[in-house]
Amino acid sequence: MPRPALSSTPCPAGCPLRIERVDQRALSRLAAPALAALIALTAGCTGDTVQGRPGASGVRDPYFPKAGNGGYQVDHYDLDLAYDPADKQLHGTAVITARAKQGLSSFNLDFAGLRVEDVTVQGAAARFNRSGTELTVRPPEDLEKGEVFRTEIDYTGTPKPVTDPDGSEEGWITTADGSVAVGEPVGSMGWFPGNHHPSDKATYDIRLTVPNDYEAVSNGELRSRTAVGDGQTEFAWHNAEPMASYLATAAIGKFKVSTGRTPSGIGVYNAVSPDEAPSSAAALARIPEVVEWGSGKFGPYPFGTVGTIVVPDGTLTYALETQTKPVYSGAPDEVLIVHELAHQWFGDSVSPKSWKDMWLNEGFATYAEWMWAEEHGGLSAEKRFDAFLAGDTKVDPDAGSDWGAFPPADPPGPEDISEAPVYARGAMVLHRIRQEVGDEKFAALLRGWAVEHRHGNASTADFTAYAEKKTGHDLTEVWDVWLYGEDRPEA
Ligand code: ARG
Ligand code: ZN
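Please read all numbers here as calculations on a predicted model, not as lab measurements. (Residues numbered from 1 in each chain as written. Chains lettered and ligands numbered in written order. Predicted model: local features only at pLDDT ≥ 70, side-chain atom pairs only at ≥ 80, totals over all residues. Heavy atoms only, no water.)

Another aspect to go through is the overall build of the protein. The helix and strand tally for the protein stands at 11 helices and 25 strands. Relative to all contacts within the protein whose residues are 6 or more apart in sequence, the contacts with residues 24 or more apart total 67%. On the protein, roughly 19400 Å² of surface is accessible, and the fraction owed to carbon and sulfur atoms is 51%. (Helix = DSSP H or I, 4+ residues; strand = E, 2+ residues; numbered from the N terminus. Contact = heavy atoms within 4.5 Å. Areas by Shrake-Rupley, 256 points an atom, 1.4 Å probe, with all protein chains shown as cover.)

In structure tokens, the structure reads:
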């Protein structure tokens with residue numbers, strides 16, 4: 001029996017004809033008069049659930065227009081990855097559970113390199129094609145607005161690094177004894193297909209199957225470690241809290257693993273490249289204390305676990321606050337640990353709405369370093385602020401950076417979002433607020449911001465509005481001069 005051209009459940013858009021779905025192929029089989037009659041009948045229906053249209057290829061991020069995709073939102077990623085460091089082949093199955101935000105005839109995923117072997121939507125084979133980093137999937141039937149749908153993508157190949165606009169290589173990177181994945185801003189599309197923009201956070205299950213003599217580490221909690229035969233072990237990692245895809249990681253290597261607990265009972269899992277273990281030990285020992293300190297300042301630690309991945313020195317050009325387990329390239333020091341753990345509140349839990357809002361991550365994590373030093377026998381934030389203003393590198397070597405080159409809330413281009421103004425001048429914005437409102441209101445502001453936006457997304461405009469409301473101060477001058485002003489502010 002051929003499927004009907006129209007099914008007769010009520011149209012959610014209120015079309016009186018109770019038309020919910022148009023089947024394109026059935027439609028094409030209709031004779032011309034029947035088709036004409038149908039078009040006349042449905043002319044009044046405006047609901048985009050009646051007939052899907054293609055989802056957009058980006059979410060119009062001002063810096064990365066192709067990042068993310070329109071028309072749906074992901075609830076959950078289930079990634080099954082098998083990797084053998086000997087042949088560097090990755091075999092992946094990604095099952096993405098998403099919700100359509102419009103009727104969809106097709107939708108895009110961001111994916112770079114590798115070979116897509118098969119795509120299904122709701123269990124049915126789907127057509128797909130690729131253009132640059134866009135993977136377009138055309139389900140056999142249009143998806144309805146509000147529909148929750150599962151897309152499965154099978155893929156394989158040798159992952160290639162993604163070069164971001166500032167020249168750093170990210171994505172799936174090989175190390176001396178394995179691999180590690182990092183993705184800020186857009187590297188994650190180099191190892192799994194997805195809606196790769198921080199505005200779409202989702203929960204994750206990441207299973208890594210590797211040869212028995214390797215460790216495989218990812219975000220969140222290790223649910224199981226199972227010998228699956230054929231000399232392979234599967235590590236199943238679970239993330240119950242939402243995560244932006246740039247914060248996903250997978251690390252495979254001959255790590256030394258150690259576990260513990262913070263004073264309040266959060267599980268710690270540190271995986272350290274053996275060569276880096278002796279030089280990492282002192283800084284890693286402070287993790288429980290840093291988590292407690294952050295919880296006191298910024299509200300309860302946002303995740304169920306914490307930890308570390310240390311890969312061999314020189315593997316990456318940056319450390320990253322990968323959710324629950326920051327990645328360090330070589331042994332971190334205490335300051336870097338404080339920075340990446342501060343990001344768990346600022347960046348990971350409260351994530352930017354767009355890459356323009358990067359200072360909400362980096363300015364806050366940098367200011368956390370200043371606060372930590374101030375409260376642990378080091379320089380006061382006020383003295384550090386003054387040293388930056390004066391460019392006094394004897395007090396802080398970073399004071400010599402070109403922190404004044406552009407306003408933190410308006411980097412000139414995508415290659416600038418990780419430059420000194422976003423970090424140092426971003427921190428100086430916070431210190432200027434503190435100078436205006438005093439220590440007490442400032443502390444309440446930092447904590448309130450993290451608590452009220454916990455596991456969400458926020459923009460610079462959200463922050464400036466919140467800061468004025470929370471403190472009751474007019475901070476126009478701080479915004480105009482420090483946050484948005486083109487000129488380097490002076491003492
Ligand atoms: N967010 C990382 C950090 O705090 C830096 C990421 C830099 N990314 C880049 N493409 N340069 O420390
Ligand atoms: Zn940072």
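Following the structure, the description resumes.
To continue, consider the environment of Asp-84. Along the chain, Asp-84 turns up in strand 4 (residues 72-84). When its relative accessible area of 27% is taken as the criterion, Asp-84 is described as partly exposed. Residues Asp-84 and Pro-211, 127 residues apart in the sequence, show an inter-C-alpha distance of 6.6 Å. Ignoring any residue separated from it by four or fewer positions in sequence, one finds Asp-84 in contact with Gln-89 and Pro-211. One polar contact links the side chain of Asp-84 to the main-chain amide nitrogen of Ala-86, over a distance of 2.9 Å. (Buried < 20%, exposed > 50% of the residue type's maximum accessible area, 1.4 Å probe, protein only. Polar contact = N/O pair within 3.5 Å; in protein donor to acceptor, adjacent residues only side chain to side chain.)

It is worth spelling out the sheet that holds strand 16 (residues 215-218) at this point. One key point about sheets: their strands pair by backbone hydrogen bonds, in either a parallel or an antiparallel sense. In spatial order, the strands read 12-13-14-19-16; together these 5 strands make up an open sheet with antiparallel pairing. Two strands lie at the open edges of the sheet, namely strand 12 (162-163) and strand 16, each paired on one side alone. Looking at chain direction, strand 12 and strand 13 (residues 169-175) are connected through 2 bridges and run antiparallel. Counted as the bridge partner of Val-162 is Glu-170 from strand 13. (Pairing = 2+ DSSP bridges.)

Core analysis: the largest hydrophobic core is formed by 132 residues, its most contacted members being Trp-191, Trp-359, Ile-433 and Phe-463. Examining the composition of this core, we find that 9 residues originate from one element, helix 6 (residues 359-375), more than from any other. Setting aside residues no more than four positions away along its own chain, Phe-463 makes contact with Trp-359, Leu-360, Phe-364, Leu-430, Ile-433, Leu-445, Trp-449 and Trp-479. (Core = buried A, V, L, I, M, F, W, Y, C linked by side-chain atoms within 4.5 Å.)

For the rest of this paragraph, the subject is the coordination of the zinc ion (ligand 2). Protein coordination at the zinc ion (ligand 2) comes from His-339 (NE2), His-343 (NE2) and Glu-362 (OE), with a distance range of 1.9 to 2.0 Å. Summarised as a motif, the one-chain spacing of the donors to the zinc ion (ligand 2) is H-x3-H-x18-E. Taken together, the residues span a long stretch of sequence, with His-343 in helix 5 (residues 334-345) and Glu-362 in helix 6 at a distance of 19 residues. On the basis of relative accessibility, which here comes to 1%, the residue Glu-362 falls in the buried class. (Donors = N, O, S within 2.8 Å, 3.2 Å for Na, K, Ca; no water.)

Near ligand 1 lie 16 residues; those nearest to it are Asp-164, Asp-166, Glu-184, Glu-321 and Glu-362. A distance of 3.1 Å separates a nitrogen atom of ligand 1 from a polar side-chain atom of Ser-168. The contact in question runs from an oxygen atom of ligand 1 to an N or O atom on the side chain of His-339, over 3.0 Å. A per-element tally of the shell around ligand 1 places helix 5 first, with 3 residues. Counted by class, the shell around ligand 1 contains 5 nonpolar, 4 polar and 7 charged residues. (Near = heavy atom within 4 Å. Nonpolar A, V, L, I, M, F, W, Y, C, P; charged D, E, K, R; others polar.)

To continue, consider the sheet that holds strand 22 (residues 305-311). If you trace the 4 strands from one edge of the open sheet to the other, you get 20-21-22-23, paired in mixed fashion. Here the strands that pair on one side only, and so sit at the sheet edges, are strand 20 (256-261) and strand 23 (327-329). The average angle at which neighbouring strand axes cross in this sheet is 15 degrees, direction not considered. Bridge analysis of strand 22 against strand 23 gives 3 bridges, and the strand direction is parallel. By the bridge assignment, Val-311 is partnered in strand 23 with Ser-329. Strands in contact with helix 3 (residues 277-284) are strand 20, strand 21 (267-272) and strand 22; relative to strand 21, the strand with the most contacts, it is inclined by about 155 degrees. (Axes fitted to C-alpha atoms, helices over the stretch in contact; angles between N-to-C directions.)

Attention now goes to the packing of aromatic side chains. Applying the stated criterion across every chain yields a total of 30 aromatic pairs. On the basis of an interplanar angle of 80 degrees and a centroid distance of 5.7 Å, the ring pair of Trp-359 and Phe-463 is categorised as edge-to-face. Highlighted residues: Trp-359 in helix 6 and Phe-463 in helix 10 (residues 460-471), separated in sequence by 104 residues. Taken individually, Trp-359 and Phe-463 each receive the classification buried, so the pair is uniform in this respect. A ring pair is formed by Trp-370 and Phe-388, whose centres lie 5.3 Å apart and whose planes are at 35 degrees; its orientation type is tilted. Residue Trp-370 is located in helix 6, and its partner Phe-388 is located in helix 7 (residues 381-390); the two are separated by 18 residues in the primary sequence. (Phe/Tyr/Trp six-rings, centres within 6.5 Å; stacked < 30°, edge-to-face > 60°.)

In a regular helix each residue adds 1.5 Å, so 14 residues correspond to 20 Å; helix 9 (residues 439-452) covers 20 Å between its end C-alpha atoms and thus fits that length. Taken as a whole, helix 9 has its buried residues at Phe-442, Leu-445, Leu-446, Gly-448, Trp-449 and Ala-450. (Expected span 1.5 Å × (residues − 1).)

Another aspect to go through is the confidence of the model for the protein. This prediction gives the protein a mean pLDDT of 93; 90% of its residues lie at or above 70. Mean pLDDT values over the elements of the protein span from 44, in strand 1 (residues 6-7), up to 99, in strand 16. With pLDDT under 50 throughout, residues 1-22 is counted as low confidence; its partners more than four residues away or in other chains account for 53 contacts. Contacts for the low-pLDDT stretch residues 42-49, under 50 throughout, to residues beyond four places or in other chains number 16 contacts. (pLDDT = per-residue confidence, 0-100.)

Among the secondary structure elements, Asn-239 is positioned in strand 18 (residues 232-243). Under the relative-accessibility criterion, Asn-239 is labelled buried at 1%. Engagement of the side chain of Asn-239 in a polar contact is seen with the backbone nitrogen of Gly-220, the distance being 3.3 Å. Leaving out residues up to four positions away in the same chain, Asn-239 has contacts with Thr-203, Tyr-204, Asn-219 and Gly-220.

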